Amino acid sequence: MRSDLTIHPERNDFNESELVARAQNGDTEAFNPLVYKYQQKIYNLIYRKVRDPETAKDLCQEVFLKAWQALPNFKGQSVFYSWLYQIAVNCSIDFLRKRDRDIVFACEALPQNADDCLPMLQKQSSPCQILEEEELGRVIRSAVHRLPSGQRRAFRLRYLQDLPIKEIASRLGKSESTVKTYLHHARQRLQTLLLPYLQ
């Protein structure tokens with residue numbers, strides 16, 4: 001968003017409540033100083049959770065888009081930043097949940113009742129469930145990090161970036177058969193590392 005408002009976004013003496021009210025009435029330019037004021041804080045918050053600068057940038061943009069779309073529902077019962085903060089937290093949790101679920105499901109030959117072992121991967125919202133989910137996320141990320149370098153890089157490109165085998169082979173400078181071998185061993189290794197925790 002670009003703003004031609006006479007209000008300068010780098011200043012903090014504007015009337016935030018007035019800008020929120022104007023934005024709620026469809027004034028897109030009134031929303032720009034709010035974005036400018038909070039975008040770094042929101043980015044920092046997300047980055048602390050996802051630990052990847054590009055992902056944090058993408059999620060930061062998503063947060064402000066969702067905030068703009070949900071703005072008519074903002075009742076002013078909390079300060080604007082608290083409301084924005086909660087949107088950012090929810091976006092981060094949703095991203096981590098999907099990423100961790102994708103990694104688990106990428107591990108082939110899990111038990112047929114694996115769904116019974118993964119209640120924390122379902123979309124839940126209670127504090128206890130979120131803590132369990134975050135713990136599982138740490139275990140998964142640790143397991144991926146413990147893979148040998150070639151397997152780890154191939155696994156991340158395949159299952160986190162969703163790249164085809166051919167492109168992964170090109171990026172790694174390896175044959176497609178080598179990449180397939182990397183992925184096979186990576187899945188086996190992750191299964192070994194994750195199953196004791198899931199059980």
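Residues numbered from 1 in each chain as written. Predicted model: local features only at pLDDT ≥ 70, side-chain atom pairs only at ≥ 80, totals over all residues. Heavy atoms only, no water.

**Q** Report on the packing of helix 7 (residues 149–160) against helix 8 (residues 165–172), specifying residues and quantitative values.
**A** Packing of helix 7 against helix 8 leaves a shortest axis separation of 10 Å and a crossing angle of 140°. One element, helix 7, and the other, helix 8, form an angle in the oblique class. For the element pair helix 7 and helix 8, the recorded crossing hand is right-handed. On helix 8, the residues touching Gly150, Arg153, Ala154, Leu157 and Arg158 of helix 7 are Ile165, Ile168, Arg171 and Leu172. Here the residues of the contact of helix 7 with helix 8 are counted per class, giving 5 nonpolar, 1 polar and 3 charged. (Axes fitted to C-alpha atoms, helices over the stretch in contact; angles between N-to-C directions. Helix = DSSP H or I, 4+ residues; strand = E, 2+ residues; numbered from the N terminus. Parallel < 35°, antiparallel > 145°, perpendicular 65-115°, else oblique. Left-handed = near helix turned anticlockwise from the far one by under 90°. Contact = heavy atoms within 4.5 Å. Nonpolar A, V, L, I, M, F, W, Y, C, P; charged D, E, K, R; others polar.)

**Q** Give a description of the pattern of salt bridges that names residues and reports values.
**A** A full pass over the atoms with the stated rule returns 6 salt bridges. The residue lysine 57 makes a salt bridge to glutamate 54 at a minimum N-O spacing of 3.7 Å. Residue lysine 57 and its partner glutamate 54 are both found in helix 3 (residues 53–70); the two are separated by 3 residues, about one turn of the helix. The partly exposed category is assigned to lysine 57, whose relative accessible area is 44%. Classification of glutamate 54 by relative accessible area gives partly exposed; the value is 49%. One network of salt bridges, with partners in common, ties together Glu18, Arg22 and Asp27. (Salt bridge = Lys/Arg side-chain N within 4 Å of Asp/Glu carboxyl O. Buried < 20%, exposed > 50% of the residue type's maximum accessible area, 1.4 Å probe, protein only.)

**Q** Tell me what's going on with the confidence of the model for the protein chain, and back it up with residues and numbers.
**A** When pLDDT is averaged across the protein chain, the result is 77; 72% of the residues are at 70 or more. Under a pLDDT of 50 for its full length, residues 1–11 has, in the predicted model, 21 contacts with residues more than four places off or in other chains. Note on residues 108–125: pLDDT is under 50 here. Beyond four places in sequence and across chains, it has 26 contacts. (pLDDT = per-residue confidence, 0-100.)

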